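Topology and contacts: notes
Take a look at the letters that make up each chain.
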Amino acid sequence: MRLPQTPEEIPAQFAAAWMARDAEALAALFVEDADFVNVVGLWWHNRADIQRAHAYGLRVIFDQSSLRAGGIRVRSLGESYAIVHCRWHLTGQRDPAGELLGERTAVMVFVAEHRPLGWQVVTAQNTDVIPGSETLGIGSDGVETLNYQKR
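Now for a quick tour of the structure.

Calculation rules
- Residues numbered from 1 in each chain as written.
- Predicted model: local features only at pLDDT ≥ 70, side-chain atom pairs only at ≥ 80, totals over all residues.
- Heavy atoms only, no water.
- Pairing = 2+ DSSP bridges.
- Helix = DSSP H or I, 4+ residues; strand = E, 2+ residues; numbered from the N terminus.
- Salt bridge = Lys/Arg side-chain N within 4 Å of Asp/Glu carboxyl O.
- Buried < 20%, exposed > 50% of the residue type's maximum accessible area, 1.4 Å probe, protein only.

The next thing to look at is the sheet that holds strand E1 (residues 30-37). Within a sheet, each strand pairs with its neighbour through backbone hydrogen bonds, oriented either parallel or antiparallel. Here 6 strands make up an open sheet; going across it, the order is E2-E1-E6-E5-E4-E3 and the pairing mixed. Strands at the two margins of the open sheet, each flanked by one partner only, are strand E2 (43-44) and strand E3 (66-76). Of the strand pairs in this sheet, E1 and strand E6 (residues 118-129) are connected by 4 bridges, and their pairing is parallel. Paired with Val-37 across the two strands is Gln-125, which belongs to E6.

Written out as structure tokens, the structure reads:
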């Protein structure tokens, strides 16, 4: 696999690996000791764990999914580092019973480093966008979305 030659290419290569259900190609975008935090705070600390987690997800949860990048914004941190924000749109996720769920939107943040063969991700975090919500809260009924402006 060819590594991204610019930070802007990272989301497209991530999405291409996702759509191919290729966890190995997806994980190859990351440095060996990379970190990845998913939408519920699961935190993987190396490429092998990132690959294993995505292989499971792409096989069980997202086997019918479609992932496409929306807006991408890159902030350079000198010549060797960059922060890449990308808005994702995901359809085709399955619930535990196998039923298809609705579309999700998320924002992923990649911190990337320029290496001899191209750009690789040092750390990434994925955050779901929950329309109409400002934050989450944990109450007696579990996790709920909260919006303080609707009071």
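Now that the structure is up, let's keep going.
As a further point, take the pattern of salt bridges. Overall, the coordinates contain 6 salt bridges when judged by the stated rule. For Arg-47, the salt bridge is made with Glu-32, and the minimal N-O distance between the two is 3.0 Å. Note that Arg-47 is positioned in helix H3 (residues 47-60) and Glu-32 in strand E1, a separation of 15 residues in sequence. With a relative accessible area of 23%, Arg-47 lands in the partly exposed category.

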